[in-house]
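Observations on the three-dimensional arrangement
So the chains spell out like this:
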Amino acid sequence: MQKCDKLIIPGGESTTQLLLIDKLGLREALIEFGKSKAIMGTCAGLIILGNTREHLPSDPLGLIDIKVKRNAYGRQVDSFIDTIQLDLNGMSAEFEGVFIRAPKIMDLGKDVKPLGYLGKDIVLAANERILVATFHPELTDNPVIHRFFIDHFA
Ligand code: GLN
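Residues numbered from 1 in each chain as written. Predicted model: local features only at pLDDT ≥ 70, side-chain atom pairs only at ≥ 80, totals over all residues. Heavy atoms only, no water.

What follows covers the packing of aromatic side chains. Under the criterion given, the structure shown has seven aromatic pairs. Note on Phe 80 and Phe 99: the rings are 4.8 Å apart at their centroids and 10 degrees apart in plane angle, and the pair reads as stacked. Separated by 19 residues along the polypeptide, Phe 80 in strand β4 (residues 80-88) and Phe 99 in strand β5 (residues 91-99) bring together distant segments of the chain. On the basis of an interplanar angle of 50 degrees and a centroid distance of 5.9 Å, the ring pair of Phe 95 and Phe 135 is categorised as tilted. Taken together, the positions of Phe 95 in strand β5 and Phe 135 in the loop between β9 (130-133) and α4 (144-152) put the pair 40 residues apart, joining distant regions of the chain. A relative accessible area of 2% means that Phe 95 is categorised as buried. What makes Phe 135 buried here is its relative accessible area of 0%. An aromatic cluster of three or more residues is present, and its members are Tyr 73, Phe 80, Phe 95, Phe 99 and Phe 135. Over the ring of Phe 149 we find Lys 6; its NZ or CZ atom is 6.0 Å from the centre of that ring. (Phe/Tyr/Trp six-rings, centres within 6.5 Å; stacked < 30°, edge-to-face > 60°. Helix = DSSP H or I, 4+ residues; strand = E, 2+ residues; numbered from the N terminus. Buried < 20%, exposed > 50% of the residue type's maximum accessible area, 1.4 Å probe, protein only. Lys NZ or Arg CZ within 6 Å of the ring centre and 35° of its normal.)

To continue, consider the pairing of strand β1 (residues 6-9). Remember that side chains alternate between the two faces of the sheet whenever the strand is regular. What you see with β1 is a clean split: Leu 7 and Ile 9 sit on the buried side and Lys 6 and Ile 8 on the side with no burial. Bridge analysis of β1 against strand β2 (residues 38-42) gives four bridges, and the strand direction is parallel. When the sheet's bridge partners are listed, Leu 7 is paired in β2 with Ile 39. (Pairing = 2+ DSSP bridges.)

Among the structural elements, Thr 140 can be located in the loop between β9 and α4. At 3.0 Å, the side chain of Thr 140 and the backbone oxygen of Pro 137 are in polar contact. Excluding residues within four positions of it along the chain, Thr 140 makes contact with Phe 95, Glu 96 and Val 98. (Polar contact = N/O pair within 3.5 Å; in protein donor to acceptor, adjacent residues only side chain to side chain. Contact = heavy atoms within 4.5 Å.)

Of all hydrophobic cores here, the largest spans 24 residues; its most connected members are Ile 39, Leu 49, Leu 61, Ile 66 and Val 132. Counting only elements with at least two residues in this core, the list comes to β1, α1 (14-23), α2 (27-36), α3 (44-49), β3 (66-69), β8 (121-126) and β9. The greatest single-element share of this core, amounting to four residues, is contributed by α3. If we skip the residues at most four places from it in the chain, Val 132 touches Gly 41, Leu 46, Leu 49, Ile 64, Ile 66, Val 123, Leu 124 and Ala 125. The next biggest cluster of nonpolar side chains, apart from the first, holds 22 residues, and it includes Met 40, Phe 95, Leu 115 and Ile 145. (Core = buried A, V, L, I, M, F, W, Y, C linked by side-chain atoms within 4.5 Å.)

In the Ramachandran plot, Asn 71 falls in the positive-phi region, its phi being about 50 degrees despite a non-glycine side chain. Position of Asn 71 relative to the elements: it lies in the loop between β3 and β4. On the accessibility criterion, Asn 71 (29% relative accessible area) is partly exposed. Its identity as a non-glycine residue notwithstanding, Arg 101 has a phi of 40 degrees, on the positive side. Tracing the backbone shows Arg 101 in the loop between β5 and β6 (104-108).

Taken as a whole and assessed by the stated rule, the structure comprises seven salt bridges. Residue Glu 13 is joined to Arg 70 by a salt bridge in which the shortest nitrogen-to-oxygen separation is 2.9 Å. One end of the pair, Glu 13, is in the loop between β1 and α1; the other, Arg 70, is in the loop between β3 and β4, with 57 residues separating them in the sequence. The residue Asp 121 makes a salt bridge to Lys 104 at a minimum N-O spacing of 3.4 Å. Linking Asp 121 in strand β8 with Lys 104 in strand β6, this pair joins segments that are 17 residues apart in sequence. By relative accessible area, which is 23% here, Asp 121 ends up partly exposed. Residue Lys 104 is classed as partly exposed on the basis of its relative accessible area, which comes to 22%. (Salt bridge = Lys/Arg side-chain N within 4 Å of Asp/Glu carboxyl O.)

Structure below.
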């Protein structure tokens with residue numbers, strides 16, 4: 001981690017990820033990293049970076065002030081692809097959002113900015129150093145969200 005400028009916490013299963021973070025003793029290092037360098041979290045990664053403990057074995061990292069509901073669209077078979085409206089600091093674009101047993105952002109803290117919507121749901125958001133998506137930008141060919149993370153987060 002010391003060699004990295006930025007981190008991405010990927011999707012997967014947030015209970016398992018959090019158990020492993022604690023078992024491997026990575027919690028403090030990740031929190032320290034997120035206080036000085038940028039982290040992007042997708043799907044389960046968003047749950048790990050947020051501040052809602054519900055159905056998790058321990059507290060998430062709390063690096064971004066978002067209230068999260070896990071599996072908010074239903075079960076694995078209810079996963080879907082739909083068009084997201086991005087608003088990346090004034091740059092509007094559509095993006096193909098891949099939602100795999102995705103969470104929902106239920107509430108945002110004052111320092112958290114919404115950057116993408118699926119209907120009324122906020123699906124992409126960020127504070128100064130932490131960028132989170134409820135969907136999987138890495139499963140499409142469009143690099144715009146990763147490019148935004150590289151260019152605008154330090
Ligand atoms: N449902 C998973 C969880 O709650 C997240 C799924 C994903 O990362 N695609 O941890």
